[in-house]
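Structure at a glance
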Amino acid sequence: MSDKKIIAVVGATGAQGGGLVRAILADKRGEFAVRALTRKPDSDKARELATLGAQVVAADVDDTASVRRAFAGAHGAFCVTNFWEHFSPEKELTQAANMAKAAKEAGVKHTIWSTLEDTRKWVPITDDRMPTLMEKYSVPHFDAKGEADAIFTASGAPTTCLLTSFYWDNLIHFGMGPRRGADGVLALNMPLGDRKFPAIAVEDIGKCALGLFKRGKEFIGRTVGIAGEHLTGAEMAAKLARALSQPVRYNAVPFDVYRGLGFPGAEDLGNMFQVNHDFAEPFCAARDVAFSRSLNPAMQTFDGWLAANAKRIPLE
Ligand SMILES: NC(=O)c1ccc[n+]([C@@H]2O[C@H](COP(=O)([O-])OP(=O)(O)OC[C@H]3O[C@@H](n4cnc5c(N)ncnc54)[C@H](OP(=O)(O)O)[C@@H]3O)[C@@H](O)[C@H]2O)c1
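All values reported here derive from a predicted model rather than from experimental measurement. Throughout, residues of each chain are indexed from 1 in the direction in which the sequence is written. Note on the predicted model: pLDDT of at least 70 is required for a residue's local features to be given, and 80 or more for side-chain atom pairs to be given and counted; whole-chain, interface and lining totals, by contrast, use all residues. Only hydrogens and water are removed before side-chain values are computed, so all heavy atoms of the structure are retained for them.

Quick look at the overall build of the protein chain
Across its full length, the protein chain holds 14 helices and 13 strands. Burial classes follow relative accessibility: with a 1.4 Å probe on protein chains only, a residue under 20% of its type's maximum area counts as buried, one over 50% as exposed, and anything between as partly exposed. By the burial criterion, 54% of the 316 residues in the protein chain qualify as buried. For the protein chain, the exposed surface amounts to about 13,600 Å²; the carbon and sulfur share of it is 53%. Neither His nor the chain termini are counted; the positive set is Lys and Arg, and the negative set is Asp and Glu. For charged residues, the charge sits on one atom: NZ in Lys, CZ in Arg, CG in Asp, CD in Glu. The centroid of the 38 positive side-chain charges in the protein chain is displaced by 7 Å from the centroid of its 37 negative side-chain charges. The helix and strand labels rest on DSSP assignments: H or I over at least four residues marks a helix, E over at least two residues marks a strand, and numbering proceeds from the N terminus. Method for areas: the Shrake-Rupley scheme with a 1.4 Å probe, in which residue coverage is limited to the protein chains shown.

In structure tokens, the structure reads:
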């Protein structure tokens, strides 16, 4: 029987949690073992994690008792919600509250809550620079996560709030890669103006979370932010051009145009990009790259990520 301390990972079959599962399993001499939480222990992804050495257990963050059972005996818990599955900030708040309650009741020593800012501290809904969404949010998929920080604190679960960054992997999976214009030249169409934008290889989020669990007490009760690099749209396009060996132009899409693109979440993301732009300084400052690298010395730069992933970016 292993005497390693267990880290229970919500979202283990997903991008953030999966990165943490793999980081723990790769750290063979490390102090932690991993318990992967999933609603579908029989899925291919869950079976793959079991094959790699994770303990796979059933849990649904809509059901507090199932999460409490899954957290029982764990030293640490990584908590994440998936806004894009349901597009409901209220549901995210409930799921966060369920996880916080379960962590407290199970006596978890260190919980990491994967969060983002409540952007209403910068853009209150009375500010007319952008539309208010769902009656009370500026950036719904940010605001509910940020609001939930206080739920974790109030629960008494010893928590680190981890501010994540935009994944470069969105260029592959979220349809955000460069598109070919009428002239045949690729364009990176993003509403970033000329400001710096913090982003990260998603697998590095899990590696940073492992760094936080290792350093433990130092970070309980604190909010920390991570990024692999802060780059402008023009800098990203230049790096993409080198990696793809063809020109890539940066197209600074106006926020209103992006909000009007019509795909699910377009308004939410348009508002997010505008907040990133209008508050680029505090947004970047909250995600210090040197600090992030101190948690995860293998942190990738955008060039490093492109060297491994450029071929996977669909080019249309
Ligand atoms: N895309 C970005 O650039 C970016 C940047 C920062 C933050 N985020 C945030 O990241 C979050 C998504 O994380 P991700 O990218 O890691 O997601 P993902 O790859 O889509 O995976 C979602 C994970 O959540 C689990 N899950 C969903 N609902 C669950 C439930 N009711 N009970 C238990 N597990 C549940 C799924 O597990 P099973 O299906 O196996 O149960 C799966 O492992 C979103 O809230 C988003 O706002 C995204």
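What about the site of the ligand?
Residues in close proximity to the ligand total 29 residues, the closest being Thr13, Thr38, Thr81, Tyr167 and Asn170. Within 3.5 Å is the distance limit for a polar contact, defined as a pair of N or O atoms, with the added protein rule that one can donate a hydrogen and the other accept it, and that residues adjacent in sequence qualify only through two side-chain atoms. Contact distances for the ligand include 3.0 Å between an oxygen atom and a backbone N or O atom of glycine 14. Breaking the shell around the ligand down by element, the ones donating at least two residues are α1 (15-26), α4 (83-86), α5 (89-106), α6 (140-155) and β7 (166-167). With 3 residues, the top contributor of residues to the shell around the ligand is α4. In this classification, Asp, Glu, Lys and Arg are treated as charged, Ala, Val, Leu, Ile, Met, Phe, Trp, Tyr, Cys and Pro as nonpolar, and every other residue, Gly included, as polar. Residue composition of the shell around the ligand, by class: 10 nonpolar, 12 polar and 7 charged. Neighbouring residues are identified by heavy atoms, a residue being near a molecule or strand if any of them is within 4 Å of it.

Description of helix α8 (residues 202-215)
For a helix, the expected span equals 1.5 Å multiplied by the number of residues minus one. Counted at 1.5 Å a residue, the expected span for α8 with its 14 residues is 20 Å, and the 21 Å between its end C-alpha atoms agrees. Burial analysis of α8 places 10 of its 14 residues in the buried class, which makes it a mostly covered element. Of the positions making up α8, those classed as buried are Val202, Asp204, Ile205, Gly206, Cys208, Ala209, Leu210, Gly211, Leu212 and Phe213. Phi turns positive, to about 50°, at glycine 216, one or two residues after α8.

Digging into the environment of glycine 206
Among the structural elements, glycine 206 can be located in helix α8. Taking the C-alpha atoms as reference, glycine 206 lies 28 Å from asparagine 189; in sequence the two are 17 residues apart. Note on definitions: a residue-residue contact is assigned when non-hydrogen atoms from the two residues lie within 4.5 Å. For glycine 206, the contacting residues outside a window of four places in its chain are Gln16, Gly19, Leu20 and Ala23.

Some points on the sheet that holds strand β12 (residues 229-231)
Two strands pair under a simple rule: DSSP has to find at least two bridges between them. Reading across from one edge, β7-β10-β12 is the order of the 3 strands in this open sheet, with mixed pairing throughout. Here the strands that pair on one side only, and so sit at the sheet edges, are β7 and β12. As paired strands, strand β10 (residues 197-200) and β12 are joined by 3 bridges and run antiparallel to one another. When the bridges of β12 are listed, phenylalanine 197 appears paired with leucine 231.

Thoughts on the environment of phenylalanine 71
Tracing the backbone shows phenylalanine 71 in helix α3 (residues 64-71). Using a relative accessible area of 0% as the deciding quantity, one classes phenylalanine 71 as buried. In sequence terms phenylalanine 71 and valine 10 are 61 residues apart; their C-alpha atoms lie 9.7 Å from each other. When near neighbours in sequence (up to four residues on either side) are disregarded, phenylalanine 71 contacts Ala8, Val10, Arg35, Leu37, Ala77, Cys79, Met99, Ala102, Ala103, Ala106 and Val108.

Some words on the pattern of salt bridges
Whenever a carboxyl oxygen of Asp or Glu lies within 4 Å of a side-chain nitrogen of Lys or Arg, that contact is scored as a salt bridge. Enumeration according to the criterion identifies 23 salt bridges in this entry. A single network of salt bridges, built from pairs that share partners, joins Asp118, Arg120, Asp143 and Glu147.

Comments concerning the nonpolar core
General note: in soluble globular proteins, nonpolar side chains tend to be found buried as a group. Ranked by internal contacts, the top residues of the largest apolar core, which has 57 residues, are Leu20, Phe71, Phe78 and Leu162. Of all the elements, α8 adds the most residues to this core, at 7 residues. Other than its neighbours up to four places away in sequence, leucine 162 contacts Phe78, Ile112, Trp113, Ser114, Thr115, Ile205, Ala209, Leu212, Val224 and Ile226. To form a nonpolar core, buried Ala, Val, Leu, Ile, Met, Phe, Trp, Tyr and Cys residues must be joined to one another through side-chain atoms within 4.5 Å. Listed in part, the 39 residues of the second largest apolar core include Leu116, Ile172, Leu186 and Ile313.

Thoughts on the packing of aromatic side chains
Note on ring pairs: Phe, Tyr and Trp rings are taken, using the six-membered ring of Trp, and paired if centres are within 6.5 Å. Classes follow the plane angle, with under 30 degrees stacked, over 60 edge-to-face and the rest tilted. Considering all chains together, one arrives at 17 aromatic pairs under this definition. Seen in terms of ring centroids, tryptophan 113 and phenylalanine 152 are 4.9 Å apart; in terms of plane orientation they differ by 25°. Their pairing is stacked. One end of the pair, tryptophan 113, is in strand β5 (residues 110-115); the other, phenylalanine 152, is in helix α6, and 39 residues separate them in sequence. An identical accessibility class is assigned to tryptophan 113 and phenylalanine 152; each is buried. For the pair tryptophan 168 and phenylalanine 302, a centre-to-centre distance of 5.1 Å together with 40° between the ring planes defines the contact as tilted. Of this pair, tryptophan 168 sits in the loop between β7 and α7 (170-173) while phenylalanine 302 sits in helix α14 (residues 302-309), and the two are 134 residues apart along the sequence. Side by side, tryptophan 168 and phenylalanine 302 carry an identical accessibility label, which is buried. The criterion is that NZ of a Lys, or CZ of an Arg, lies within 6 Å of the ring centre and within 35 degrees of the ring normal, and then a charge sits over that ring. The aromatic ring of tryptophan 122 is capped on one face by lysine 121, whose charged end is 4.7 Å from the ring centroid. Stacked on the ring of phenylalanine 283, the Lys or Arg arginine 287 has its end atom at 3.9 Å from the ring centre.

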